[in-house]
Amino acid sequence: MSTFQAPKGTYDLIPPRSAVFLAVRDTISGQVRNAGYGYVETPGFEDVNLFARGVGESTDIVTKEMYTLTTKGGDQLALRPEGTASVLRAALQANLHKQGNLPVKLWYSGSYYRYERAQAGRYRHFSQVGAEAIGAEDPALDAELIILADQAYRALGLRQYRILLNSLGDKECRPVYREALQTFLRGLDLDEETLRRAEINPLRVLDDKRADVQKQLVDAPLLRDYLCDACKAYHEQVRELITAAGVVFEDDLKLVRGLDYYTRTTFEFVHDGLGSQSAVGGGGRYDGLSEMIGGPALPSVGWALGVDRTVLALEAEGVTLDLPAPTSVFAVALGEEARRVLFGKVTELRRAGIASDFSFGGKGLKGSMKDANRSGARLTLVAGERDLAEGVVQLKDMESGEQRAVALDEVLDAVRAQLA
Ligand code: AMP
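We now turn to the structure provided with this report.

Rules behind the numbers
Residues numbered from 1 in each chain as written. Predicted model: local features only at pLDDT ≥ 70, side-chain atom pairs only at ≥ 80, totals over all residues. Heavy atoms only, no water. Disulfide = S-S within 2.5 Å. Buried < 20%, exposed > 50% of the residue type's maximum accessible area, 1.4 Å probe, protein only. Phe/Tyr/Trp six-rings, centres within 6.5 Å; stacked < 30°, edge-to-face > 60°. Lys NZ or Arg CZ within 6 Å of the ring centre and 35° of its normal. Near = heavy atom within 4 Å. Polar contact = N/O pair within 3.5 Å; in protein donor to acceptor, adjacent residues only side chain to side chain. Areas by Shrake-Rupley, 256 points an atom, 1.4 Å probe, with all protein chains shown as cover. Helix = DSSP H or I, 4+ residues; strand = E, 2+ residues; numbered from the N terminus. Nonpolar A, V, L, I, M, F, W, Y, C, P; charged D, E, K, R; others polar.

What follows deals with the state of the cysteines. Cysteine pairs can be linked by a disulfide, which is a covalent bond between their two sulfur atoms. Inspection of every chain in the model, using the stated rule, returns zero disulfides. Of the cysteine sulfurs around C173, a residue in no disulfide, the closest is that of C228, at 3.7 Å. For C173, a relative accessible area of 4% puts it in the buried group. With no disulfide of its own, C231 lies 3.6 Å from the sulfur of C228, the closest cysteine sulfur. Given a relative accessible area of 1%, C231 falls into the buried group.

Right, here's the structure in full:
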C-alpha cells in the first residue's frame, strides 16, 4: 500500500464496480439524448461569484461547502459545487438563447465538489448527470424532465424510489408567503443560526432535518395556500402531464431545496434504501437564475441526478445490471512464435471491433487460462508451437467447453460466427 490515500470524503472508482458507474451515466444520458438534449461540458472551476450569486449567498453550499481558491494571478475561483449555474453561464456566453430555438436543451455529466461532513452516500467529490431546458416557460417541459428522470431510474431497474413534488411559487406569490412564514418562524423557539436563516431565507428552515425543529413546524403556513392563480394553474398542468405518462408522485408541501434559485416546480427523487442521504436526484424550475447572474429573463427548468447514490440505490435493491463482459476473446500464447502470431490476431480482432485481450507477461498455460477465465471472455484462442506448425489455433468456447482447430487465416470469421 502506498503512503497516500484518497482524500477524506472521496473514493476511487475501480473495476468491476466502475463499470456500473459508466452504465448508470450512459443510461441516464441515453434518456436525455433521446429527447433532444445536446451535450455541454464546462470547466471544473468557475468565478466564485457565479455560485455566490447563482446558488445563493445564504445557502450551506456557498457559505460552508465550497472549495474556493485564489490563483497566482489573483482570480477568486471555486470548484463547481453544482452544474446549473455553470451550464446557464455557458449558454449565455455562447448566446445560445439568441439563436431563435428556445428552449435550449443541454445535458452534462461530471464531477462536483462540496466540503460536506463525509458519511455514507455523502461525499466531497461526487458525480452527477444533469439536464437543463433553458428559455421556455411551459409545463410540458417540467413534465418532460420528470418523466425522463423517472424513465432513467426505471431503465436501470430501480423500483424503491419515490418522486416528491411541490411548487415554490413565483416572484408574485412567494414574497407574500415568505413574510407569513417569517412571522410564524419568529414566534418559535429556535437557535440563533436558525433564526438568522429565517431572516435571510425562511423557506430553507422548512428543510431543517432536526426533529425538535420539525416538531415546531407542524403548523407552519404552507406555500400551497399562498400560490397565485398562474402558479396554481401551471402546477396543475405539470401534475396532469406526468400523471398521464403513468409517473407516480407524491405532493410534498414542505419540499424546498438547498439552492436558492428554484421557482414553481420543485421535485426530488428519494430512495428508501439509502438511510439519511436518500435523495438520488432533484431539480426544478429556476426562472430567475439567468437575471441573477446578469443575463436576460430566461425561464428554465432542469435536474441533476447523483450517480454515486444511484449506484448505492442499485446495490441496496440488489439490482445487478446486465453488463456485457468487457472482453469477448482472450488469446493464450505458448512460446515466442505463438506470442507473435496471436498478438497479431488480437490486433486484427480489435480492428474488426471485437473486444479482445491477450495473456501478457509470459505466463505458462495454467496462469494464462486463469487470466482467460477472469476476463469473462466467451472464447479463448490457444496456440503453441505444434498448432502453428499445422497452421491452426485452438478456438475454445468457455461456456460449452468445446474446442476445435481453426486455420490461422479463418480466425476472424470463425470468431465472428461463434459470437453471433
Ligand atoms: P443537489 O444539487 O444538492 O440538488 O444534488 C443533486 C443530487 O446530487 C442529489 O440528489 C444527490 O444524489 C447528489 N449529491 C449531492 N450532493 C452530494 C454529495 N455530497 N455526495 C454524493 N451525492 C451528492
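The structure having been displayed, the exposition proceeds.
To continue, consider the packing of aromatic side chains. Within the structure shown, the criterion is met by 14 aromatic pairs. Pairing Y153 with Y161 gives two aromatic rings, centres 5.4 Å apart and planes at 50°, and the pair type is tilted. In this structure Y153 comes out as buried when scored by relative accessible area, which is 0%. By way of ring pairs, the aromatic residues Y153, Y161, F267 and F269 are connected into one cluster. Sitting over the ring of Y112, R80 keeps its end group 4.5 Å from the ring centre. Across the ring face of Y115, the terminal group of R124 is positioned such that the distance to the ring centre comes to 4.1 Å.

Before going further, it helps to examine the site of the ligand. Around the ligand, 14 residues are found, and the nearest of them are R114, E116, Y123, Q128 and R257. A distance of 2.6 Å is found between a nitrogen atom of the ligand and a side-chain nitrogen or oxygen belonging to E116. Between Y123 and the ligand, the recorded distance is 2.8 Å, taken from a backbone N or O atom to a nitrogen atom. With the chains in place, 92% of the 480 Å² that the ligand exposes on its own is no longer accessible. If you list the elements that add at least two residues to the shell around the ligand, you get strand 6 (125-134), strand 10 (279-285) and strand 11 (300-306). When residues of the shell around the ligand are assigned to their parent elements, the largest contribution, three residues, is made by strand 10. Among the residues making up the shell around the ligand, the classes are represented as five nonpolar, four polar and five charged.

Scope: geometric values only; no functional claims are made or implied.
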